[in-house]
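# Understanding the architecture of this molecule
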There are 2 protein chains.
Amino acid sequence: MPLVVIGGVAAGLSAAARARRVDPHLEIIVLEKGPVISYGACGLPYFVEGRIRRPEQLVVYTPEYFRKQRQIDVRTNSRVVAISHPRREVSLESGARVHYERLVISTGGRCDPSAIAGGQQPHVFTLHTLDDATRLRAFIAEKHPRRAVVIGGGYIGLEAADALRRNGLRVTVLERSPHVLLRDDAHWNALARRQLELHGVELRCGVEVRSIEPDRVADFPADLVIVSAGFKPNVELAAEAGVDIGRTGAIRTDDRMETSLLGVFAAGDCAEVTHLVTGRPTWIPLGTTANKAGRVAGANAAGGRERFPGIAGTSIVSVFGMAFAATGLSVSEARAASFSPVSARIEALSRPGYFQGTKTTVELVADRATRRLLGATVIGEQDAAGRINVVATALQSRLRVDEFEQLDLAYSPPFSTVWDPLLVAAQQLMKEL
Amino acid sequence: MPLVVIGGVAAGLSAAARARRVDPHLEIIVLEKGPVISYGACGLPYFVEGRIRRPEQLVVYTPEYFRKQRQIDVRTNSRVVAISHPRREVSLESGARVHYERLVISTGGRCDPSAIAGGQQPHVFTLHTLDDATRLRAFIAEKHPRRAVVIGGGYIGLEAADALRRNGLRVTVLERSPHVLLRDDAHWNALARRQLELHGVELRCGVEVRSIEPDRVADFPADLVIVSAGFKPNVELAAEAGVDIGRTGAIRTDDRMETSLLGVFAAGDCAEVTHLVTGRPTWIPLGTTANKAGRVAGANAAGGRERFPGIAGTSIVSVFGMAFAATGLSVSEARAASFSPVSARIEALSRPGYFQGTKTTVELVADRATRRLLGATVIGEQDAAGRINVVATALQSRLRVDEFEQLDLAYSPPFSTVWDPLLVAAQQLMKEL
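Everything numeric in this text was worked out from a predicted model, so none of it was measured. (Residues numbered from 1 in each chain as written. Chains lettered and ligands numbered in written order. Predicted model: local features only at pLDDT ≥ 70, side-chain atom pairs only at ≥ 80, totals over all residues. Heavy atoms only, no water.)

Okay, the packing of helix α1 (residues 10-22) of chain B against helix α8 (residues 287-301) of chain B next. Residue and element names in this part refer to chain B. Their axes nearest at 7 Å, the elements α1 and α8 cross at an angle of 40°. Classified by the angle their axes make, α1 and α8 are oblique. Regarding α1 and α8, the two cross each other, and that crossing is right-handed. The segment α1 lies against α8, with Ala 10, Ala 11, Ser 14, Ala 15, Arg 18, Ala 19 and Val 22 engaging Ala 290, Asn 291, Gly 294, Arg 295, Gly 298 and Ala 299. Here the residues of the contact of α1 with α8 sort into 7 nonpolar, 4 polar and 2 charged. (Axes fitted to C-alpha atoms, helices over the stretch in contact; angles between N-to-C directions. Helix = DSSP H or I, 4+ residues; strand = E, 2+ residues; numbered from the N terminus. Parallel < 35°, antiparallel > 145°, perpendicular 65-115°, else oblique. Left-handed = near helix turned anticlockwise from the far one by under 90°. Contact = heavy atoms within 4.5 Å. Nonpolar A, V, L, I, M, F, W, Y, C, P; charged D, E, K, R; others polar.)

Here it is as structure tokens:
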């Protein structure tokens with residue numbers, strides 16, 4: 001009575017590995033449409049950059065590893081084309097059918113350049129699979145493109161812009177919305193723009209791309225185009241099988257990562273999770289979420305009883321060495337979720353000047369009525385990661401600003417200032433409340 | 001009806017500044033025994049090292065600043081020798097008396113080398129005040145000592161050892177207890193020892209120093225000695241005035257930082273605070289605590305109503321570039337506090353290898369019965385600070401390990417691994433529970 005997992009990257013393999021731990025005797029089959037499994041998709045921009053030299057460096061586990069070490073039957077080049085839940089079986093492109101007792105859907109998401117006119121030309125790429133990155137790297141090596149346009153100013157878009165610029169290309173980023181990195185915040189956007197421009201990347205916001213010409217995109221010359229916009233969950237397979245799709249467009253799940261069909265679980269870029277701050281279903285495709293929700297899906301599919309509490313949407317991206325980190329809600333997201341947001345932004349040194357402290361910008365958002373912390377951004381250098389994680393932990397714990405202000409954070413001069421920038425921001429926010 | 005603050009460094013000045021904000025019209029007098037106020041005591045080892053060139057760089061505010069900008073009357077060289085609470089007045093060494101309505105005692109703490117035979121020789125120093133550090137620096141410049149013994153392997157002791165070694169001295173650290181950096185943990189101690197030895201510092205634990213000879217301490221030749229052991233709260237003034245002293249030896253306070261005498265508050269290295277994990281009074285002298293508790297003392301002394309929730313004892317110290325960070329309870333401390341501690345220790349890369357990830361050691365301690373997280377250590381590089389702060393936040397929020405395991409921490413390759421070392425440690429600890 002096997003457990004079948006559709007998808008062999010982050011969520012799928014986390015689910016399979018966890019299911020094995022919960023039930024050492026369960027038959028587990030992973031069906032992956034592509035030729036490789038278990039690659040670190042978040043590392044792809046660094047392979048394009050050249051920092052990672054061989055694509056194999058991004059592959060964490062092989063099918064053989066799973067087969068031998070975990071007794072998990074991983075089948076690559078096995079694209080599932082239909083799920084028949086009444087018969088408890090999936091059909092493969094090859095015509096083969098695989099029976100399941102429990103199913104985990106981790107079909108991921110995609111950017112679809114073919115949705116843009118001219119999106120299927122040889123100089124147009126996405127950056128989602130190891131194959132995408134390998135072909136892009138080969139294209140750069142062979143064709144020596146000089147001007148690139150990146151469509152989409154999300155994480156991957158700016159990481160790609162950074163990687164291409166470091167390869168000597170001139171780069172323009174075109175973003176449809178008024179802001180980059182998925183945060184509708186004017187100051188955040190201004191700092192990202194300045195950082196891009198400082199490093200010779202042109203950013204145009206409010207530009208909707210309808211077609212890609214052989215030598216340009218809109219008014220911007222381009223002999224290389226990367227499409228990193230319009231990322232969508234791959235839900236067609238699930239929807240056709242009768243699995244409910246949520247309002248976000250991703251697969252609806254409960255807190256056990258089970259879908260509307262009993263015994264069918266979903267996790268990763270194709271699935272919704274609960275937002276820890278709003279308490280509502282959300283779709284924020286991130287590798288961390290895929291791994292954690294996948295684990296819970298796998299545990300429950302194997303007969304366990306685990307709960308996924310949800311996410312704060314914590315993210316961090318390096319733009320030419322500067323970290324842009326965010327968690328929880330922005331002011332406008334908080335307003336849309338019916339909070340009364342109040343925010344405070346401060347700039348402070350990350351460490352004393354004699355330890356090369358650099359400017360760190362912290363913005364905290366809280367609810368006026370309850371003082372509950374709702375979100376934050378931290379923009380700065382390496383230590384931004386730890387600081388945003390402190391806020392993410394506070395969000396999961398539903399801390400109020402007055403509680404946050406008293407956090408016992410570590411201090412000595414090589415690491416921080418005696419009042420950590422997070423606490424300075426909290427003090428400022430207390431004055432606004 | 002003035003507020004009088006005894007002590008013009010971290011806790012005292014935080015109290016005075018906060019009192020001013022709570023009551024713009026209050027008369028506030030700060031009495032500081034030394035010639036300067038508001039110096040960053042935690043920066044003293046870096047002045048000894050030479051990284052900070054002028055002692056003035058460690059002075060944050062001058063008495064003039066407080067007088068003009070905050071209307072706070074700061075009097076230096078004003079040592080208080082007695083408190084008469086029935087008369088609501090303090091007596092100065094000069095014979096002058098100062099009336100108070102409310103009093104904040106922030107008399108700090110001290111290492112007393114005169115408690116050791118030979119401790120008052122000219123080559124024996126403490127490292128507690130700006131004057132100590134200035135005299136030490138001058139001694140090094142003039143006398144060119146070649147062999148140093150540091151008595152005490154706490155934070156200041158190891159920072160001093162690091163600073164002296166970087167000045168070319170041969171350094172031996174003598175510590176009375178079996179472990180350094182105030183953590184009774186064998187692995188922690190082994191890593192600290194290895195780091196010290198790698199950088200040419202000899203560490204001897206279990207050595208009680210009873211006397212300092214002109215040219216040696218015990219069997220160790222020394223033409224310079226730093227005493228950083230036996231740090232004690234300065235409570236004599238308070239005790240003589242009838243203020244209750246707690247079991248830790250520091251001034252007993254409630255969660256408003258008020259002492260047993262109504263209207264008399266205490267904060268900083270002289271005072272107890274609540275430990276967030278045990279719920280009991282504790283005395284862990286740290287600058288962060290002094291500042292935060294001082295603020296609360298000042299607010300309440302000025303008529304506010306604020307509460308200090310307590311501390312987790314979060315600390316971090318750099319030993320030749322490696323961070324040793326701790327928060328909450330060690331296994332043995334947890335046992336002493338009647339928990340049933342279980343711990344797990346993991347080693348993981350801080351970031352992927354292609355981003356120069358370095359080895360990070362995380363140990364988490366939890367209570368077996370409740371799964372509540374009790375403490376942690378993180379040993380690694382710069383990002384150790386952020387990681388220990390995540391645990392500190394979890395301790396304040398009383399998170400369980402199964403909740404901690406699901407934290408939505410930031411990930412992208414320049415900053416972390418997709419499973420942050422903290423989460424890997426939590427997964428390991430879940431297996432042990």
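There's more to say after this.
All names here are of chain A. Its identity is not glycine, yet Leu 182 carries a phi of approximately 60°, on the positive side. When you line up the elements, Leu 182 lands in the loop between β11 (170-175) and α6 (186-198). Among the residues examined, Leu 182 registers a relative accessible area of 54% and is labelled exposed. (Buried < 20%, exposed > 50% of the residue type's maximum accessible area, 1.4 Å probe, protein only.)

All right, on to the environment of Val 22 of chain A then. All names here are of chain A. Within the secondary structure, Val 22 sits in helix α1 (residues 10-22). Taking the relative accessible area as the measure of exposure, Val 22 reaches 34% and is therefore partly exposed. Taking the C-alpha atoms as reference points, Val 22 and Asn 300, 278 residues apart in sequence, are found 8.7 Å from one another. Apart from residues lying up to four places away in sequence, Val 22 is in contact with Ala 299, Ala 302 and Gly 304.

It is worth spelling out the interface of chain B and chain A at this point. It is common to give the size of an interface as the accessible area lost on bringing the parts into contact. In this assembly, 60 residues from chain B lie in contact with 60 residues from chain A. Of all residues in chain B, Gln 406, Asp 408 and Phe 415 of chain B give up the largest surface area on contact with chain A, accounting jointly for 15% of the area buried on that side. In this structure, Arg 295 of chain B engages Glu 405 of chain A in a salt bridge whose closest nitrogen and oxygen atoms are separated by 2.8 Å. Taken together, the links from chain B to chain A amount to 21 residue pairs in polar contact (both at pLDDT 80 or more). With 9 residues, helix α10 (residues 384-396) of chain B is the single largest residue contributor to the side of chain B that touches chain A. (Buried area = accessible area lost by both parts, 1.4 Å probe. Salt bridge = Lys/Arg side-chain N within 4 Å of Asp/Glu carboxyl O. Polar contact = N/O pair within 3.5 Å; in protein donor to acceptor, adjacent residues only side chain to side chain.)

A few words now on the relation of the copies chain B and chain A. When chain B is fitted to chain A, the best match, at an RMSD of 0.0 Å, comes from turning it 180° and sliding it 0.0 Å along the axis. What the superposition gives is, in effect, a two-fold axis relating one chain to the other. Minimal C-alpha distance to the rotation axis in chain B is attained by Gly 386 of chain B, lying at 1.8 Å. (Least-squares fit on C-alpha atoms with pLDDT ≥ 70 in both.)

As a further point, take the pairing of strand β24 (residues 373-380) of chain B. Residue and element names in this part refer to chain B. Most of β24 sits out of view: 8 of its 8 residues are buried. Pairing between strand β21 (residues 322-328) and β24: 6 bridges, direction antiparallel. Note on β24: the bridge partner recorded for Ala 326 is Thr 377. Where strand β23 (residues 359-367) lies against β24, 6 bridges are found, and the strand directions are antiparallel. (Pairing = 2+ DSSP bridges.)

Remember, this is a structural readout, not a statement about activity or role.
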